[in-house]
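Spelled out, the chains give:
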Amino acid sequence: FTSDRYKVKRGPYARISNDHVAFFNELLGRNRVIADAEECEGYNIDYAKIVRGQSTLVLKPKTTEEVSTILKFCNENRLAVCPQSGNTGLVGGSVPVFDEIVISMKFMNKIIETNELAETNLGVLSSDEFFALGVLTCEAGCVLEDLDNHLGTVGLMMPIDLGAKGSCLIGGCVSTNAGGLRLLRYGNLHGNVLGLEAVKANGEVIDCLNTLKKNNTGYHLKHLFIGSEGTLGIVTKVAIQCPPLPKAVNVALLGLNSFEKVLKAFRLAKRELAEILSSFEMMDRRSIDISFTTFGMKSPLTSKTDGHDFYVLLETSGSNVNHDEEKLGSFVEKALADDIIEDGTLTSDPTKVKHIWALRERISEGVLREGYVFKYDISIPILSYYKVIEMIEERLRDPRVIRISGYGHLGDGNIHVQVSIPSYEPDIASQLEPFIFEYVSKLRGSVSAEHGIGFVKTKYLHMSRTSSEIKLMHEVKKMMDPNGILNPYKVLYPLEISA
Ligand code: FAD
Ligand code: MLT
Ligand code: ZN
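Presented here is an overview of the structure given in this document. (Residues numbered from 1 in each chain as written. Chains lettered and ligands numbered in written order. Predicted model: local features only at pLDDT ≥ 70, side-chain atom pairs only at ≥ 80, totals over all residues. Heavy atoms only, no water.)

### A few points about the side chain of Ser 94
Which entries qualify depends on this criterion: Secondary structure counts use DSSP, requiring at least four H or I residues in a row for a helix and at least two E residues in a row for a strand, with both numbered from the N terminus. Polar contacts, as counted here, are pairs of nitrogen or oxygen atoms within 3.5 Å of one another; within protein the pair requires one atom able to donate a hydrogen and one able to accept it, and residues that are adjacent in sequence qualify only if both atoms are side-chain atoms. Here a residue-residue contact requires only that any non-hydrogen atoms of the pair lie within 4.5 Å.
Along the chain, Ser 94 falls in the loop between β4 (81-84) and β5 (101-104). Here Asn 87 takes part through its side chain, which lies 2.7 Å from a polar atom of the side chain of Ser 94. In contact with Ser 94, other than residues within four places in its own chain, are Cys 82, Pro 83, Gln 84, Asn 87 and Gly 89.

The following block contains the structure:
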């Protein structure tokens, strides 16, 4: 169990009794209360299999009122809870550590699709009106990809996209302030979430379901729930600003032979592609190799059979096909002429676009098949971006290491570092940590750029946040959840990791 690997003690919470289970059965009905150990198994293990909890109770509310009643009851009875959405989080925040009750948000999956205007003056919005407003309101348990497909029917899209889109729920994304593949273009959820509804630990429903773009009236309380990883409340509804679906999408896969050239390509892309650039993702050879070897995927680049040291996936999104193709074509010509890239392929064919994106998106899934993976998700100044991989290679000359790979959202200064070994080895862990976080801290970077702190990074929070910030975080937590029932052991809990 996780509690054995990490030195963490169970908090002073009540144990689940038959009376508690009877209360939940009465509230939700037996089919939305899972009290069978085997059925609870999947809710206890996270995607990357780094945390395993011991919960024996999973609740599946369908309404805000049910979430409110559950939390009020848990707070009064000192029962700890763990909110869970798609369980794709990568820092162990979405699973219990001990026997916390899992509150699964999967059944809160209705698209509401109205807004204040619709309710007061206009009746139900036509798709044209909906398009013009571009505001989606939905329950927190909607699957990201379902929302995107739904919006596609009225010419809109979600402002966020990530490899886990088929499983992650919008409430999970909001609670982690997930970044993803197009943050470079559309910004993060602190900007795109216009409003939300959340339930506090004591069951109080906080309605900040604003749908206005501009509304500077008092404190913007929604931000407390965005990125706080279920430690301050449970998000039940969200209103999101959605951009129009671009008429033209082009994707390029580029092969390059040094990181210096990746940076040159980025500078050139920013200059030449400017407003149409929607993604700039970097993969080193060992990262993209995961997609080639694990899934047998083929490279669309043909010039070299032995591959390139670095790859860039670049996407443009705009409103004029000819204009975008011309711009991207001239970017690639310039990059070839200036010897920045060794090879490149361009496409707007949806099947080929999908294939190139899959090469990038499936790295995360593929690497887990190799064994245990130490994953680091860091932001550092772009000039030091790849040095971290070189330093780890230098430091970890160990035959047990299968692969050290680096890839990520270069356009946002965020690199994902992966060290794969056959199974967890404490001595390798201690060679990597705190070394990597100290390096990040020296550069004033972030020890968690987009995945959050969750359970496994709590020990390193102070390396990216000042003591005054952490003190205020504790005060906010104390005020919002005085009994500490919401996602304990996460974000603010100081952990000692045992060797
Ligand atoms: P979960 O994993 O279930 O929960 C995440 C956290 O939020 C937990 O702490 C949980 O307690 C809390 N939580 C969940 N729902 C609620 C709620 N309704 N109210 C309050 N708290 C809640 N992340 C990125 O940022 N960028 C990426 O590009 C990216 N790509 C990924 C690709 C893959 C293949 C995978 C597996 C993960 C990826 N992630 C990425 C990480 C992860 O998908 C995101 O963090 C995602 O937002 C989590 O959503 P989820 O629904 O799975 O939430
Ligand atoms: C990604 O960009 O692929 C994700 O953040 C997932 C990961 O780091 O594994
Ligand atoms: Zn990422």
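### As for the pairing of strand β8 (residues 205-208)
Remark: a regular strand shows side chains that alternate across the two faces of the sheet. For clarity, the cut-off: Think of it in three bands: residues with accessible area under 20% of the maximum for their type are buried, residues over 50% are exposed, and the middle band is partly exposed, with areas taken using a 1.4 Å probe on protein chains only. DSSP-based pairing: two strands are paired if at least 2 bridges between them are found.
Every second residue of β8 is oriented toward a common face, the buried set being Ile 206 and Cys 208 and the non-buried set Val 205 and Asp 207. Sheet topology places strand β7 (residues 193-199) next to β8; four bridges connect them, and they run antiparallel. Residue Ala 198 lies in a different strand from β8, and its bridge partner there is Ile 206. Here β7 folds back onto β8 in antiparallel fashion, the turn holding five residues, of which Gly 203 has a positive phi close to 95°.

### What about the coordination of the zinc ion (ligand 3)?
We apply this condition: Counted as coordinating are nitrogen, oxygen and sulfur atoms within 2.8 Å of the metal, or 3.2 Å for Na, K and Ca, while water is not included, which may make sites look incomplete.
Coordination of the zinc ion (ligand 3) by the protein is provided by His 409 (NE2), His 416 (NE2) and Glu 450 (OE), with metal-donor distances spanning 1.9 to 2.1 Å. Of note, the donors binding the zinc ion (ligand 3) are all from one chain and are spaced H-x6-H-x33-E. Taken together, the positions of His 416 in strand β16 (residues 414-421) and Glu 450 in the loop between α19 (435-442) and α20 (467-480) put the pair 34 residues apart, joining distant regions of the chain. Both residues of the pair, His 416 and Glu 450, belong to the buried class.

### Re the site of ligand 1
Put simply, the test is: Distances are taken per atom, and a residue is near a molecule or strand as soon as one of its heavy atoms is within 4 Å of it. The protein chains shown are the only cover counted for residues, whose accessible areas, like all others here, come from Shrake-Rupley with a 1.4 Å probe. Gly counts as polar in this scheme, as do all residues outside two lists: the nonpolar Ala, Val, Leu, Ile, Met, Phe, Trp, Tyr, Cys and Pro, and the charged Asp, Glu, Lys and Arg.
Of all residues adjacent to ligand 1, which total 35 residues, the nearest are Pro 83, Ser 85, Thr 88, Gly 89 and Leu 169. Here a nitrogen atom of ligand 1 sits 3.4 Å away from a polar atom, N or O, in the main chain of Gly 230. The fraction of the free accessible surface of ligand 1 (970 Å²) that becomes covered by protein chains is 97%. The biggest single contributor to the shell around ligand 1 is helix α8 (residues 170-176), with five residues. Looking at the shell around ligand 1 residue by residue, the classes come out as twelve nonpolar, 21 polar and two charged.

### Side note on the sheet that holds β5
If you trace the four strands from one edge of the open sheet to the other, you get β2-β3-β5-β4, paired in mixed fashion. A single partner strand is all that each edge strand has here, and the edge strands are β2 (33-34) and β4. Relative to β5, β4 is paired through four bridges, and the arrangement is parallel. Looking across to β5, one finds that Pro 83 is bridged to Ile 103.

### Some words on the sheet that holds strand β9 (residues 234-241)
Applied cut-off: Helix axes are fitted to C-alpha atoms over the stretch in contact, other axes to C-alpha atoms as well, and angles between N-to-C directions run from 0 to 180 degrees.
Ordered in space as β6-β9-β7-β8, the four strands form an open sheet in which the pairing is antiparallel. At either end of the open sheet lies a strand with only one pairing partner, and these are β6 (135-139) and β8. Looking at each pair of strands side by side, their axes are set apart by 15° on average, direction ignored. Relative to β9, β6 runs antiparallel, the two sharing five bridges. Counterpart to Val 135 in the pairing with β9 is Gln 241.

### A closer look at the nonpolar core
Going by this rule: We define the nonpolar core as a collection of buried residues of types Ala, Val, Leu, Ile, Met, Phe, Trp, Tyr and Cys that are connected through side-chain atoms lying within 4.5 Å of one another. Where each domain starts and ends comes from a domain assignment, either automatic or drawn from a database.
In terms of nonpolar packing, the biggest core is built from 131 residues, with Ile 170, Leu 314, Phe 374, Val 388, Ile 392 and Ile 415 touching the most fellow members. Each of domain 1 (2-106 + 484-497) and domain 2 (248-363) contributes no fewer than three residues to this core. Leaving out residues up to four positions away in the same chain, Ile 415 has contacts with Met 282, Tyr 376, Asp 377, Ile 378, Ile 380, Tyr 385, Tyr 386, Val 388, Ile 389, Gly 406 and Tyr 407. Formed by 21 residues, the second largest nonpolar core is a distinct cluster that contains Met 283, Ala 358, Val 373 and Tyr 407.

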